Amino acid sequence: MSKFCRTVAGLERLVRRSWGRNYHATKTLYAANWKIGKINHIAMACPDIEKASALYRDVLGAKVSEKHPQEEHGVYTVFVELGDTKIELLTPLGEKSPIQNFLDKNKNGGMHHICIEVDNIEEAMKDLKAKKIRLLSETSKIGAHGKPVVFLHPKDCNGVLVELEQE
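Residues numbered from 1 in each chain as written. Predicted model: local features only at pLDDT ≥ 70, side-chain atom pairs only at ≥ 80, totals over all residues. Heavy atoms only, no water.

This part is about the confidence of the model for the protein. Chain-level statistics for the protein give a pLDDT mean of 86 and a share of 81% at 70 or above. For the protein, helix α2 (residues 23–33) is the element with the lowest average pLDDT, namely 50, and strand β2 (residues 63–64) is the one with the highest, namely 98. Low pLDDT, under 50, characterises residues 22–31; the predicted model gives this stretch nine contacts beyond four residues in sequence or across chains. (pLDDT = per-residue confidence, 0-100. Helix = DSSP H or I, 4+ residues; strand = E, 2+ residues; numbered from the N terminus. Contact = heavy atoms within 4.5 Å.)

Right, dumping it as structure tokens:
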């Protein structure tokens, strides 16, 4: 089973444990307020974003964007287009970049987070808080696609950092 599948299964187990016998009744309410969508992207932290970009563009033949600063998030991003999803390459921007912390622990880089679209991020945030899923910020921020995003604590998502993005 993939790490993503374990994360989704773990989220459901956590919800079942949190809500007990009321789980099935609340599942309908949950579906009425917001819906989970497709994977938007998988983010990879890279010590050398130019080298990583060249791999996807020159070796694998993918369409690769230019490098863009995301100052609010402390990263530079490059997007690799793969049909209806993307890989987001990340490298640190500034001294307090969360990606630098990740790279300090993982010298070669690696998977940083998975981004999943939701149709109503504000309702998703309220619902997940009520279900004891910790958010890494109290409010959503504007992400690399110009849409609101919020991150879920990896300890509540089977060790995977999950980003939710408004469709």
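Moving on: the pattern of salt bridges. Scanning the entire structure with this criterion turns up eight salt bridges. A salt bridge links Lys 38 to Glu 117, with the shortest nitrogen-to-oxygen separation between them at 3.9 Å. Taken together, the residues Lys 38 in strand β1 (residues 36–45) and Glu 117 in strand β6 (residues 110–118) connect sequence positions 79 residues apart. For Lys 38, a relative accessible area of 37% translates into the label partly exposed. Given the relative accessible area of 11%, Glu 117 is considered buried. (Salt bridge = Lys/Arg side-chain N within 4 Å of Asp/Glu carboxyl O. Buried < 20%, exposed > 50% of the residue type's maximum accessible area, 1.4 Å probe, protein only.)

Once that is clear, we can look at the environment of Gln 100. The residue Gln 100 is located in helix α4 (residues 98–105) in this model. Note: C-alpha distance between Gln 100 and Pro 47 (53 residues apart in sequence) is 8.6 Å. Reaching out from Gln 100, the side chain makes a polar contact with the side chain of Asp 104 at a distance of 2.8 Å. (Polar contact = N/O pair within 3.5 Å; in protein donor to acceptor, adjacent residues only side chain to side chain.)

This paragraph deals with the side chain of Glu 88. Looking at the secondary structure, you find Glu 88 in strand β5 (residues 85–92). Here Glu 88 occupies a buried position and makes no salt bridge, while the nearest side chain of opposite charge, Lys 86, is found at 9.4 Å. Engagement of the side chain of Glu 88 in a polar contact is seen with the side chain of His 41, the distance being 2.9 Å. Those residues within four positions of Glu 88 in sequence are excluded, and the remaining contacts are His 41, Ile 42, Ala 43, Met 44, Thr 77, Val 78, Phe 79, His 113 and Ala 144. (Lys, Arg positive; Asp, Glu negative; His and termini not counted.)

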